[in-house]
Amino acid sequence: MPQRPQNTPVCRDCDGFATAAITTGTRHTDGTRATLTVTCPTCKGTGHQVPAAGLAHAGR
């Protein structure tokens, strides 16, 4: 039977879009736009929710 990948929840802060390219408004000498790449600080660019290290599941 084939194995399915784990269902990792999507990051609630970035909705799975962990990286964004933002234009600065300036252009390089060849005419291309200068961009900055920014990653989500919550999931650190993975797009998935990171489990809390200090919490443990208790109960049934």
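Residues numbered from 1 in each chain as written. Predicted model: local features only at pLDDT ≥ 70, side-chain atom pairs only at ≥ 80, totals over all residues. Heavy atoms only, no water.

J.: Would you take a moment to explain the overall build of the protein for this structure?
T.: Secondary structure summary: the protein contains zero helices and two strands in total. A fraction of 44% describes how many contacts in the protein between residues 6 or more apart in sequence connect residues 24 or more apart. When the accessible area of the protein is evaluated, it comes to approximately 5700 Å², of which 54% is carbon and sulfur surface. (Helix = DSSP H or I, 4+ residues; strand = E, 2+ residues; numbered from the N terminus. Contact = heavy atoms within 4.5 Å. Areas by Shrake-Rupley, 256 points an atom, 1.4 Å probe, with all protein chains shown as cover.)

J.: Looking at this structure, I do not really get the pairing of strand β2 (residues 33–39). What am I missing?
T.: Put simply, side chains in a regular strand alternate between the two faces of the sheet. In the sheet, strand β1 (residues 19–27) pairs with β2 via six bridges, with the strands oriented antiparallel. Within the sheet, the bridge partner assigned to R27 lies in β2 and is R33. Between β1 and β2, which pair antiparallel one after the other, the connecting turn spans five residues, and G31 there sits at a positive phi close to 100°. (Pairing = 2+ DSSP bridges.)

J.: Would you take a moment to explain the environment of C11 for this structure?
T.: Tracing the backbone shows C11 in the segment before β1. Aside from chain neighbours lying at most four places away, what touches C11 is G16, C40, T42, C43, G47, H48 and Q49.

J.: Got a minute to help me understand unusual backbone geometry in this structure?
T.: Across the chain, the bulk of peptide bonds are trans and the bulk of non-glycine residues have phi less than zero. One non-glycine residue, D15, lies in the positive phi region at around 55°. Looking at where D15 falls in the secondary structure, it is placed in the segment before β1. The phi torsion at K44 lies on the positive side, around 60°, for a residue other than glycine. Relative to the helices and strands, K44 resides in the segment after β2.

J.: Got a minute to help me understand a nonpolar patch on the surface in this structure?
T.: On the surface, I22, L36 and V38 cluster together to form a nonpolar patch covering roughly 250 Å² of accessible area. Here I22 shows up in strand β1. (Patch = residues over 30% accessible without salt bridge, like charges linked within 9 Å, V, L, I, M, F, W, Y side chains within 5 Å. Salt bridge = Lys/Arg side-chain N within 4 Å of Asp/Glu carboxyl O.)

J.: How should I be thinking about the state of the cysteines in this particular structure?
T.: Using the criterion set out here, one finds zero disulfides in the structure. Summary of cysteine pairing: C40 is not part of a disulfide, and the nearest cysteine sulfur, belonging to C43, is at 3.8 Å. The class of C43 is buried, set by a relative accessible area of 2%. (Disulfide = S-S within 2.5 Å. Buried < 20%, exposed > 50% of the residue type's maximum accessible area, 1.4 Å probe, protein only.)

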